[in-house]
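Listed here are the chains, written in short residue letters.
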Amino acid sequence: MEVKEFYSTEEKQLARFAKALSHPVRIYICDLLSKQTCCYSGDLAEEVPIARSTLSQHLKELKNAGLIQGEITPPKIKYCLNKENWAMAQKLFKEFFK
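In short, a report on the structure.

1. Notes on the pairing of strand β2 (residues 68–73)
Reasoning step 1: Of the pairings in the sheet, the one linking β2 to strand β3 (residues 76–81) comprises six bridges and is antiparallel in character. Paired with Ile68 across the two strands is Leu81, which belongs to β3.
Reasoning step 2: In this structure, the hairpin formed by β2 and β3 is closed by a connection of two residues.

2. Describing the packing of aromatic side chains
Reasoning step 1: For the structure on display, the rule yields three aromatic pairs.
Reasoning step 2: Seen from their ring centres, Phe6 and Tyr7 are 5.0 Å apart, and the 85 degrees between their planes marks the pair as edge-to-face.
Reasoning step 3: Residue Phe6 is classed as exposed on the basis of its relative accessible area, which comes to 71%.
Reasoning step 4: Ring centres of Phe96 and Phe97 lie 5.0 Å apart, and the angle between their planes is 75 degrees; this geometry places the pair in the edge-to-face category.
Reasoning step 5: The exposure class assigned to Phe96 is exposed, which follows from its relative accessible area of 55%.
Reasoning step 6: Following the ring pairs from residue to residue traces out a cluster consisting of Phe93, Phe96 and Phe97.

3. Overview of the pattern of salt bridges
Reasoning step 1: Applying the stated criterion across every chain, the model contains three salt bridges.
Reasoning step 2: Across the pair Asp31 and Lys35 runs a salt bridge, and its minimum N-O distance is 3.0 Å.
Reasoning step 3: Judged by relative accessible area, Asp31 falls into the partly exposed class, the value being 34%.
Reasoning step 4: Residue classification places Lys35 among the exposed positions, given a relative accessible area of 63%.
Reasoning step 5: Measuring nitrogen to oxygen at the nearest pair gives 4.0 Å for the salt bridge that ties Lys78 to Glu71.
Reasoning step 6: Given the relative accessible area of 24%, Lys78 is considered partly exposed.

Definitions and limits used
Residue positions are given per chain, counted from 1 along the sequence in the order it is written. Reporting of local features is limited, given that this is a predicted model, to residues whose pLDDT is at least 70; pairs of side-chain atoms are given and counted only at 80 or more, and all residues count toward the totals for whole chains, interfaces and linings. Note that the side-chain values use all heavy atoms of the structure and ignore hydrogens as well as water. Paired strands are those between which DSSP finds at least two bridges. Helix and strand assignments follow DSSP, with helices taken as H or I runs no shorter than four residues and strands as E runs no shorter than two, numbered in order from the N terminus. Between 30 and 60 degrees the pair is tilted, below 30 it is stacked and above 60 it is edge-to-face, where a pair is any two Phe, Tyr or Trp rings, Trp via its six-membered ring, whose centres lie within 6.5 Å. Exposed residues in this analysis have more than 50% of their type's maximum accessible area, buried residues have under 20%, and partly exposed residues fall in between, with area computed by a 1.4 Å probe over protein chains only. The salt bridge criterion pairs a side-chain nitrogen of Lys or Arg with a carboxyl oxygen of Asp or Glu, the two atoms within 4 Å.

Put into structure tokens, the structure is as follows:
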């Protein structure tokens, strides 16, 4: 017997984005990245007054949700918004809140 999926793909994606944005530090990080092309993890550590390990966890959440992307250029990691997924998140939130 086939089980029908209750949630749509869009609803699952919106929940994924919402979960990633559910912490003020992550919103702050996204806001910082939206105002510049990219940012190195060391620069973010200077901007966000939290432990580096905690910052790393927040970056991981945003990256796993696809809202940001990182490029490793040892010894640094360069982060920027994933513009395609950021646009999708904007669209999904706009449709949800209309």
